[in-house]
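# Working through the structure, step by step
Each chain, written out:
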Amino acid sequence: KVKSLAHLLDIYYRSVGRNSVLLLNVPPDRRGLFHENDVERLRELRAVLDETFKTNLAAGKPVVASHERPGHGAAAITDGNRNTYWTTPEGVTAGATLDVDLGEPVTFDRAMLQEQFTDGQRIEQFAIAAWKDGGWQPVAEATTVAHKRLLRFPPVTTSRVRITIADSRDCPTIREFGL
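These lines cover the structure that appears in this document, whether it is placed above or below. Since the structure is predicted, the reported quantities are computational estimates derived from the model, not experimental observations. (Residues numbered from 1 in each chain as written. Predicted model: local features only at pLDDT ≥ 70, side-chain atom pairs only at ≥ 80, totals over all residues. Heavy atoms only, no water.)

## Let's talk about the overall build of the chain
Scanning the chain from terminus to terminus reveals 2 helices and 8 strands. N-terminal to C-terminal, the α/β element order of the chain is α-α-β-β-β-β-β-β-β-β. Taking the principal axes of the C-alpha coordinates as reference, the chain spans close to 60 × 35 × 25 Å. Counting over 179 residues, the chain shows a buried share of 39%. Counted over contacts in the chain with a minimum sequence separation of 6, partners at least 24 positions apart contribute 71%. Per element, the accessible surface of the chain, about 9800 Å² overall, is 50% carbon and sulfur. (Helix = DSSP H or I, 4+ residues; strand = E, 2+ residues; numbered from the N terminus. Buried < 20%, exposed > 50% of the residue type's maximum accessible area, 1.4 Å probe, protein only. Contact = heavy atoms within 4.5 Å. Areas by Shrake-Rupley, 256 points an atom, 1.4 Å probe, with all protein chains shown as cover.)

Shown next as structure tokens:
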């Protein structure tokens, strides 16, 4: 039976979105080929993912960090460069914030974070908040980030987003952030 598009998207967010491998187990049919219905559904999945992640609303936006290590500033999380990353000075493993100024109100319902993973997984708990009505309103919170963390939540409209690192094994790192 062909999985629904909604089910495939849920599998995607629960696997790739939580730093895992996407395994769909699409078997070949008796001809040794993938059935046309499966192929069509996978094309639908690809189209939805392409449309969803087509535009990163945080790309190139200015970022201010409460803590940053020289040479690893906050701007790295929105610069689109996989070789740059933000981190804190030695000893700062909790309480760091990164404020992204989107410039104008935008609406989004997904967030993506990626750690600089060469030194292993560090972040153990983080939260995302949106500036609304003169204060920071919680949008999402989660535990690990690792290679990639994707979060889904109800649509939010704001011009500023805050990432708060609540706990980290060592100095937290973020390579990329997206909305």
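## Things to note about the pairing of strand β3 (residues 97-114)
One ladder, built from 3 bridges, connects strand β1 (residues 63-65) with β3; its direction is antiparallel. Of the residues in β3, the one forming a bridge with Val64 is Asp99. Pairing of β3 with strand β6 (residues 149-168), which is carried by 12 bridges, proceeds in the antiparallel orientation. Bridge pairing in β6 places Thr107 opposite Thr157. Where β3 lies against strand β8 (residues 176-178), 3 bridges are found, and the strand directions are antiparallel. Note that in β8 the partner of Met112 across the bridge is Gly178. (Pairing = 2+ DSSP bridges.)

## Section: the packing of helix α1 (residues 5-15) against helix α2 (residues 36-52)
Two numbers describe how α1 lies on α2: the axes approach to 10 Å, and their chain directions differ by 60°. Classified by the angle between their axes, α1 and α2 sit oblique to one another. Remark: the crossing between α1 and α2 carries right-handed chirality. Of the residues in α2, those in contact with Leu5, Leu8, Leu9, Tyr12 and Tyr13 of α1 are Arg41, Glu44, Leu45, Val48, Leu49 and Thr52. (Axes fitted to C-alpha atoms, helices over the stretch in contact; angles between N-to-C directions. Parallel < 35°, antiparallel > 145°, perpendicular 65-115°, else oblique. Left-handed = near helix turned anticlockwise from the far one by under 90°.)

## Section: the pattern of salt bridges
Tallied over the full model, the rule gives 13 salt bridges. Among the salt bridges present, the one from Arg41 reaches Glu44, with a minimum N-O distance of 2.8 Å. Of this pair, Arg41 and Glu44 both sit in helix α2, 3 residues apart, which is roughly one turn of the helix. Under the relative-accessibility criterion, Glu44 is labelled partly exposed at 27%. (Salt bridge = Lys/Arg side-chain N within 4 Å of Asp/Glu carboxyl O.)

## What to know about the side chain of Arg149
Here Arg149 is to be found in strand β6. Notably, Arg149 is buried but unbridged: the nearest opposite-charge side chain belongs to Glu115, and the N-O separation is 9.1 Å. Of note is the side chain of Arg149, whose polar atom sits 3.1 Å from the backbone oxygen of Thr144. Residues in contact with Arg149, not counting those within four places in the same chain, are Gly17, Arg18, Ala111, Met112, Leu113, Phe126, Ala142, Thr143 and Thr144. (Lys, Arg positive; Asp, Glu negative; His and termini not counted. Polar contact = N/O pair within 3.5 Å; in protein donor to acceptor, adjacent residues only side chain to side chain.)

## Observations regarding α1
For α1, the set of buried residues is Leu8, Leu9, Ile11, Tyr12, Tyr13 and Ser15. Considering only its buried residues, α1 is in contact with α2, β3 and β6.

## What to know about the side chain of Gln114
Mapped onto the elements of the fold, Gln114 is located in strand β3. At 3.3 Å, the side chain of Gln114 and the backbone oxygen of His147 are in polar contact. If we ignore the near neighbours within four places in the chain, the residues touching Gln114 are Val145, Ala146, His147, Lys148, Thr173, Ile174, Arg175 and Glu176.

## Considering unusual backbone geometry
At Asp133, a residue that is not glycine, the phi angle is positive and equals roughly 55°. Within the secondary structure layout, Asp133 lies in the loop between β4 (123-132) and β5 (135-142). Under the relative-accessibility criterion, Asp133 is labelled exposed at 79%.

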